[in-house]
Amino acid sequence: MTGDIPPIPTWVPRRGRPGASRRPAPHGPGQGGLRPPGLPAGPATGLGSPRPVSLSELAAFWTGAERCGADVAVVDCTHDSRQVRPGWLFCALPGAHYDGHDFAEAAVRAGARALLVQRFLDLDVPQLRVPSVRWAMGPVAAAVHGRPAERLALAGVTGTNGKTTTTYLLQAAFVASGWRSGLLGTVETRIGRQRWTSPLTTLEAPDLHRVFARMRRDGVRAAAMEVSSHALDQHRVGGITFDVAVFTNLAAEHLDYHGTIEQYYYSKSLMFTEEHCRQALVCVDDEWGVRLASHGTVPMLTFGQSPRAQARITDVASDRHGVRIVLDCADGAVELSTRTMGFCNATNLAAAYLAARALGVPPEAAIHGIGRCPAIPGRSEVVDLGQPFLVVVDYAHTPGALSAQIATARELTGPGGRVMVVVGCRGGRDRYKRPDVGRAAVDSDIAIFTSDSPGEEDPQAIVAAMMTGALGLPDRPVVVELDRVAAISRAIAMAGPGDVVLIVGRGHESTQYVAGHDLPLDDREQARAALMAHGWAGSRGRRPRTKVGVLG
């Protein structure tokens, strides 16, 4: 990239008007550059407001808010009546299946000091009425916790694919710079060395601001978090302005929720407004990134392999040890690497480095941290017991991500090696993409169609939809094995020297939802068990005791 990065004007934290229209912001060109947001020399420790917050103070966040009852002060808030503790504010959130107003009485019995409602309830407790609890909950939660997100160097990553990998790489850069850091995403929530399993990719607003408050108490300086389209559409990130927002890519996904890809894109684009970010990094390797960059209303830097990118990836190499790229950016030609395999991780590498630099991480620390990032759970995760073929578990569940994994696997096969894929589709969501997943899968040498988490749907019907994508494609062996454990075992039994076995769709997940029940199932553990069952007990070069016939 040539030329100096233009400076970004000094920013002042903005308060998004909770009742604002959802009409897109006026379009205008981005400014094409990023700089650190002026972080303090070391981690601060104080919360913004350690005192309880009164209902009259909270009412100031919403034009037209009405209060009834005493002006009491609350110490925390939640939308879940089961979480309520004495002194808390209960947010009566209407949902798709349940209305929080119906649980307000239970919340009061549990100790709720006040209620946030859309209609006043016949309960002897102070209440704050707003036009939309969903809209108000984020700013209210931020205020209750003293706006802790404003005292963190905060990066948000959104897009269809790459969010998890990018946030892990970015957090590794924070650690290498000596910063105490946090991470929030699909796999887990981290505060320093403490870890919790994440129930959602992006938490609900009260839980999210409570985590930020915990981070501040624990001296966290910087955090990276995944931001889902659902979270943006449902205002879960209300009350947050990211110091840097990252867009990775967009492909047809979650259309059962959004309806159309245009609406899906619009939900993602909400993050790249002055309400939600101060500066943006946008990958322009697909049409949606180009569109977002052209409509940007915040200071923006584009990146990717496209010639139009301002920070451009000029070289990519991938092997069994990971990915290496050269990124031509304001720091010069920067060589970056990650231990996570796959060409698709080239843009994740670039995004993590550029975001780290935008938040003030020194170049050497960013390069070192990203390069030393440990294996990311369920993302191109290798299962190795000494077998002469590669077994990889990955979360890829969209047609594009699956195609990218197969293309990477082709590069990793030995002489005469084949690519085998174990793949299924989720029940109750994204029915339209099942044929496309099937079509992508049969680009491998052997595809084994199986169950994923079928939920209440018939697994056979899900696989039948996948099979329609394989119709009319000759010489494409497809095996149907609805039992996922058996499918994994079958793939490993068929594998020979130089092959690559891809087990995709579930990644880090440890349960499978079937007919209303969560059943234990971890693809990584099942792959290890299958390898051991077929004689690969961890001795390098040891031949299996038995082998089964190979299809095709």
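Up top is the structure.
So, here is what we can say about the structure in this document. (Residues numbered from 1 in each chain as written. Predicted model: local features only at pLDDT ≥ 70, side-chain atom pairs only at ≥ 80, totals over all residues. Heavy atoms only, no water.)

## As for the pairing of strand β9 (residues 181-184)
Next up, step 1: The side-chain alternation of β9 yields two buried faces, one formed by Ser181 and Leu183 and the other by Gly182 and Leu184.
Next up, step 2: Judged from the four bridges that link them, β9 and strand β12 (residues 222-226) form a sheet pairing that is parallel. When the bridges of β12 are listed, Ser181 appears paired with Ala222.
Next up, step 3: The sheet contact formed by β9 and strand β10 (residues 188-191) spans three bridges and is antiparallel. Among the inter-strand pairings, Leu184 is bridged to a residue of β10, identified as Thr189. (Buried < 20%, exposed > 50% of the residue type's maximum accessible area, 1.4 Å probe, protein only. Helix = DSSP H or I, 4+ residues; strand = E, 2+ residues; numbered from the N terminus. Pairing = 2+ DSSP bridges.)

## As for the environment of Val463
Next up, step 1: Secondary-structure assignment places Val463 in helix α14 (residues 459-468).
Next up, step 2: Under the relative-accessibility criterion, Val463 is labelled buried at 1%.
Next up, step 3: Once the C-alpha coordinates of Val463 and Phe449 are considered, the two residues, 14 residues apart in sequence, prove to be 6.5 Å apart.
Next up, step 4: In contact with Val463, not counting residues within four places along its chain, are Phe449, Thr450, Val480 and Leu482. (Contact = heavy atoms within 4.5 Å.)

## A short note on the sheet that holds strand β21 (residues 419-423)
Next up, step 1: With respect to topology, six strands assemble into an open sheet ordered β19-β20-β24-β21-β22-β23, the strand pairing being mixed. The open sheet has two edge strands with one neighbour each: β19 (381-382) and β23 (478-480).
Next up, step 2: The sheet contact formed by β21 and strand β24 (residues 500-504) spans four bridges and is parallel. When the sheet's bridge partners are listed, Val421 is paired in β24 with Leu502.
Next up, step 3: Helix-sheet contacts for helix α15 (residues 484-494) involve β20 (390-394), β21, β22 (446-449), β23 and β24, and the interaxial angle to β21 is about 175 degrees. (Axes fitted to C-alpha atoms, helices over the stretch in contact; angles between N-to-C directions.)

## A closer look at the pattern of salt bridges
Next up, step 1: On inspection of all chains with the given rule, the structure shows 27 salt bridges.
Next up, step 2: With its nearest N and O atoms 3.2 Å apart, the salt bridge here joins Glu381 to Arg524. With Glu381 in strand β19 and Arg524 in helix α16 (residues 523-533), this pair connects stretches of sequence that are 143 residues apart. Judged on exposure class, the residue Glu381 and its partner Arg524 are both buried.
Next up, step 3: The residue Glu509 makes a salt bridge to Arg426 at a minimum N-O spacing of 2.6 Å. One end of the pair, Glu509, is in the loop between β24 and β25 (511-514); the other, Arg426, is in the loop between β21 and α13 (434-441), with 83 residues separating them in the sequence. The same class applies to Glu509 as to Arg426, namely buried.
Next up, step 4: Through salt bridges with shared partners, a single network forms among Arg426, Asp452, Arg484, Arg506, Glu509 and Asp523. (Salt bridge = Lys/Arg side-chain N within 4 Å of Asp/Glu carboxyl O.)

## Some points on the sheet that holds strand β2 (residues 66-68)
Next up, step 1: Pairing is mixed across the open sheet formed by five strands, whose spatial order is β2-β7-β6-β5-β4. Looking at which strands have only one partner, the edges of the open sheet turn out to be β2 and β4 (76-78). Neighbour-to-neighbour, the strand axes of this sheet turn through a mean angle of 20 degrees, independent of strand direction.
Next up, step 2: Of the strand pairs in this sheet, strand β5 (residues 88-91) and strand β6 (residues 114-117) are connected by three bridges, and their pairing is parallel. Bridge assignment links Cys91 to a residue of β6, and that residue is Leu116.
Next up, step 3: Sheet strands in contact with helix α3 (residues 133-144) are β4, β5 and β6, and its direction is about 140 degrees off that of β6.
Next up, step 4: Where helix α5 (residues 205-217) meets the sheet, it contacts β4 and β5, and its direction lies at approximately 145 degrees from that of β4.

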